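What follows is each chain in one-letter form.
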Amino acid sequence: MEKNKRLMIIVGMLLLVGGISMAYFVGKMLTSGEGASISVITANIKNSEVKVEGTLEFPNYEGMLPGHKEPSIIKVTAIGENELIPYNVVWKGRNGLGTPLNFTIYKLSNEISIEAECEEVREKVSGGIALSEKCTITNEDKLGTPIGKGTIPSGEELNVTLAERELITSTKEPGTSVYYYVLLEYPNENDSQNEDMGHNFDGEVTIEASDAKPDVDIIAIKVEQDDGSYKEEDEIPNDKEYVLNEVESTCNNNSKAIWSYENSGVTITNLKQKGTECYLYFDKIKTSKDVLAELGRKETTGANFSQVDTSEYLDENGKSQMFKAEDDFGDSYYFRGKVKDNWVQFGTDKEERNMYWRIIRINGDGTIRLLYTGSDTSATNLTSDDGYTSQVAKTQINNGATVYQFNSGVDYNRFVGYEYNSGQVHGYGNDASKSNVLNQLIIWFKDNLIEELNDDNSKIDKNAGFCNDRSNSTNSSAVWPDNANDAGGTSQITTYYGGYLRLVNKREPTLLCSTNNHKNEDYFTYTGARGIRQNQTDILITGTKSLEYPVGMITADEVVYAGGFFGTDNKSYYLYTGLQYWTM
């Protein structure tokens, strides 16, 4: 028995030609069946190109017996300009067998390995031996619920719909893809099927445009106005100015609308029923300037980083003013100096005590970056020129005992990584080792903030990123970023990193992480991060998408912005604690 012949479908339509003999024999010799050859074309639906590729398998051994099952994998890819394409998956052709064929079709967003394992079954019957097959399908349990079942009847010029009312959104290269898994069965009718011998089954599997209405019906699109009210519009607004309010937007049938930053559009999750209806609400994107006004803060003049700054920057109302600096997503506003009014209460810890935080800065995308300060308000205020009271002990993430190292290893440069791989400057990801400090932050986050992360109304930004800048040079006087070109950083060679080159050599901090040319390698983000557009452009920064939780530490640059100064104790700025602590 020969191994099944696998036929590759490259693009477009699947064309099956040639004969396949299928039979249930009683006391007769098996006959030879032929494999199917495939010709392909490209389908164009609406304004998009739709490609079909995958494998279509039929037996290429002596005969196909009743009970045989054969899986096919079909990949459909739509390439175009963000266009919703309704289509049907259709089989056209001729079934010259006297036995109708059964089919079951599944749909997944990913590819899995699937194949048939069949064994011949022989039973004695009156007048001879009845031959059939018993087949199992590997990974069949991973296919989930079928999207369609039916039969391909006997006859000529057949047109059988395998799946109808399918939807796919075309996107730019490489496009959007879905996978269909079709199980074709030659049923065992427990009767002589000898007449099927010598007859052919041939045709084509293709996709056709569908005139059916999509499964999702957008009842209303509500767009926020300047006065905070919502006005009904006919089109989804520009994603550079508006974002989907995922809390207010609702769908029936337990579906949920979310915003896809990668595709600049709305995605409906848990879509399982036709006729799902959605009400979509879009909010104006708040800029950092908007949030500055909401906090009742004013912008002050540029900071001088060449000297120790012990100032209070207060407006006429006694509120701390904020400085402006550029980050990867726009204008950021940060607190500096002897600040006493930049703290907030958010969440409760595992002992059900309130958690208090400092506002470090307003990010360029309008979110707020917070630094945990403890479980008591006295830990958030400077009580003397010497810094905090003993309440600061509560701010240490040390389980009441050990003060942790950033990494237990110190003999290789890779250990500066928040995550790291052996022999790599910018290692991260599934195979990367987590730094010791990251492991401790994971434990702390799970103990205290996991509910806030999982809550649908969570205030925690799942797109937040933390810059672990590993741009480097072997030259201690190199100018960042021009000469920070990864000349070292992988072994035991003396290496000067971006923070040193900026803050010690030039005393010029930055909030930009992407300028080191590793914006998606040193910018650590949560696995569920959808990404943020850089300065409201088409450049999407997703970061590493490797963190189990969106948690990190303050950067050395942010410490300098806040009032820290290399080589000199500044006891009059809000981050001074009298203790040493790690930065990213």
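These figures come from a predicted structure and were not determined experimentally. (Residues numbered from 1 in each chain as written. Predicted model: local features only at pLDDT ≥ 70, side-chain atom pairs only at ≥ 80, totals over all residues. Heavy atoms only, no water.)

1. Regarding the overall build of the protein chain
- Looking only at helices and strands, the protein chain features five helices and 34 strands.
- When each of the 584 residues of the protein chain is scored for burial, the buried share is 47%.
- Considering only contacts in the protein chain between residues 6 or more positions apart, those separated by 24 or more positions represent 68%.
- Of the roughly 28600 Å² of accessible surface on the protein chain, a fraction of 44% belongs to carbon and sulfur atoms. (Helix = DSSP H or I, 4+ residues; strand = E, 2+ residues; numbered from the N terminus. Buried < 20%, exposed > 50% of the residue type's maximum accessible area, 1.4 Å probe, protein only. Contact = heavy atoms within 4.5 Å. Areas by Shrake-Rupley, 256 points an atom, 1.4 Å probe, with all protein chains shown as cover.)

2. Looking at the environment of L292
- Among the structural elements, L292 can be located in helix α1 (residues 288–294).
- A C-alpha to C-alpha distance of 8.4 Å links L292 and M322, two positions 30 residues apart in sequence.
- L292 has contacts with R297, E299, M322, Y333 and I362, leaving out every residue within four places of it along the chain.

3. Overview of unusual backbone geometry
- Omega for the peptide link from E173 to P174 comes to 10°, which places this bond in the cis form.
- Mapped onto the elements of the fold, P174 is located in the loop between β12 (155–170) and β13 (176–186).
- A positive phi angle, near 65°, is found at N139, a position not held by glycine.
- Locating N139 in the fold gives a position in the loop between β10 (128–137) and β11 (148–152).

4. What about the packing of aromatic side chains?
- The final tally for this structure, using the stated rule, is 18 aromatic pairs.
- Ring geometry for W357 and Y372: centres 5.3 Å apart, planes at 65°, overall edge-to-face. Here W357 is found in strand β25 (residues 354–362), whereas its partner Y372 is found in strand β26 (residues 368–374), with 15 residues between them in sequence.
- Using a relative accessible area of 8% as the deciding quantity, one classes W357 as buried.
- In textbook terms, an aromatic cluster arises when at least three aromatic residues are bridged by ring pairs, as seen for F305, Y313, F323, Y334 and Y561. (Phe/Tyr/Trp six-rings, centres within 6.5 Å; stacked < 30°, edge-to-face > 60°.)

5. Points about the nonpolar core
- Counting residues in each nonpolar core, the largest one holds 27 residues, and the members touching the most others are V76, Y87, V89, I152, L162 and Y180.
- At the level of secondary structure, the elements contributing two or more residues to this core comprise β5 (48–58), β6 (68–79), β7 (83–95), β8 (101–108), β12, β13 and β14 (201–209).
- Not counting the four nearest positions on each side in its chain, V76 is found in contact with V50, K51, V52, Y87, I168, T176, S177, V178, Y180 and I207.
- One finds Y372, Y418, F466 and L547 within the second-largest nonpolar core, a separate group that totals 23 residues. (Core = buried A, V, L, I, M, F, W, Y, C linked by side-chain atoms within 4.5 Å.)

6. Remarks on the side chain of T510
- Among the secondary structure elements, T510 is positioned in the loop between α4 (498–506) and β32 (523–525).
- At a separation of 3.0 Å, a polar atom in the side chain of T510 contacts the main-chain amide nitrogen of L512.
- Among residues more than four places away in sequence, those in contact with T510 are W480, R502, D557 and Y561. (Polar contact = N/O pair within 3.5 Å; in protein donor to acceptor, adjacent residues only side chain to side chain.)

7. Quick look at the environment of G465
- Inspection of the secondary structure assignment puts G465 in strand β29 (residues 465–467).
- With relative accessibility at 1%, the residue G465 sits in the buried group.
- Ignoring any residue separated from it by four or fewer positions in sequence, one finds G465 in contact with R369, Y523, F524 and T525.

8. Some points on the state of the cysteines
- All told, the structure shown has three disulfides when counted by the stated rule.
- Residue C467 pairs covalently with C513 via a disulfide, S to S 2.1 Å. Taking the sign of the torsion about the S-S bond as the criterion, the disulfide between C467 and C513, at about 80°, is right-handed. Residue C467 is found in strand β29, and its partner C513 is found in the loop between α4 and β32; the two are separated by 46 residues along the sequence. Grouping residues by exposure puts C467 and C513 together as buried.
- Once the bonded cysteines of the protein chain are numbered in order along the sequence, the disulfide links fall as 1-2, 3-4, 5-6. (Disulfide = S-S within 2.5 Å.)

9. So, the pattern of salt bridges
- Counted according to the given criterion, the structure contains 21 salt bridges.
- Note that K284 and D226 form a salt bridge whose closest N and O atoms lie 3.0 Å from each other. Placement of the pair is K284 in strand β21 (residues 276–284) and D226 in the loop between β15 (216–224) and β16 (230–233), with a sequence separation of 58 residues.
- On the accessibility criterion, D226 (73% relative accessible area) is exposed.
- Salt bridges sharing partners connect three or more residues here, namely D327, R361, R369 and E558. (Salt bridge = Lys/Arg side-chain N within 4 Å of Asp/Glu carboxyl O.)

10. Digging into helix α2 (residues 436–448)
- With 13 residues, α2 should reach 18 Å at 1.5 Å per residue; the first-to-last C-alpha distance of 19 Å fits that figure.
- Here α2 has its buried residues at V437, L438, Q440, L441, I442, W444, F445 and N448.
- Of the surrounding elements, those touching the buried residues of α2 are β24 (343–348), β25, β26, β27 (419–420), β28 (433–434) and α3 (450–454). (Expected span 1.5 Å × (residues − 1).)

11. Focus on the environment of V410
- On the secondary structure map, V410 appears in the loop between β26 and β27.
- For the pair V410 and Q492, spaced 82 residues apart in sequence, the C-alpha separation works out to 9.6 Å.

12. Observations regarding α4
- G498, L501, R502 and L503 are the residues of α4 that are buried. The buried side chains of α4 occupy one side of the element, clustering within an arc of 165° when seen end-on.
- At the exit of α4 stands R507, carrying a positive phi of roughly 50°. (Arc of directions from axis to C-beta.)

13. Examining the side chain of N88
- Mapped onto the fold, N88 is located in strand β7.
- Residue N88 is classed as buried on the basis of its relative accessible area of 16%.
- If sequence neighbours within four positions are ignored, N88 has contacts with T161, A163, E164, R165, T206, I207, E208 and S210.

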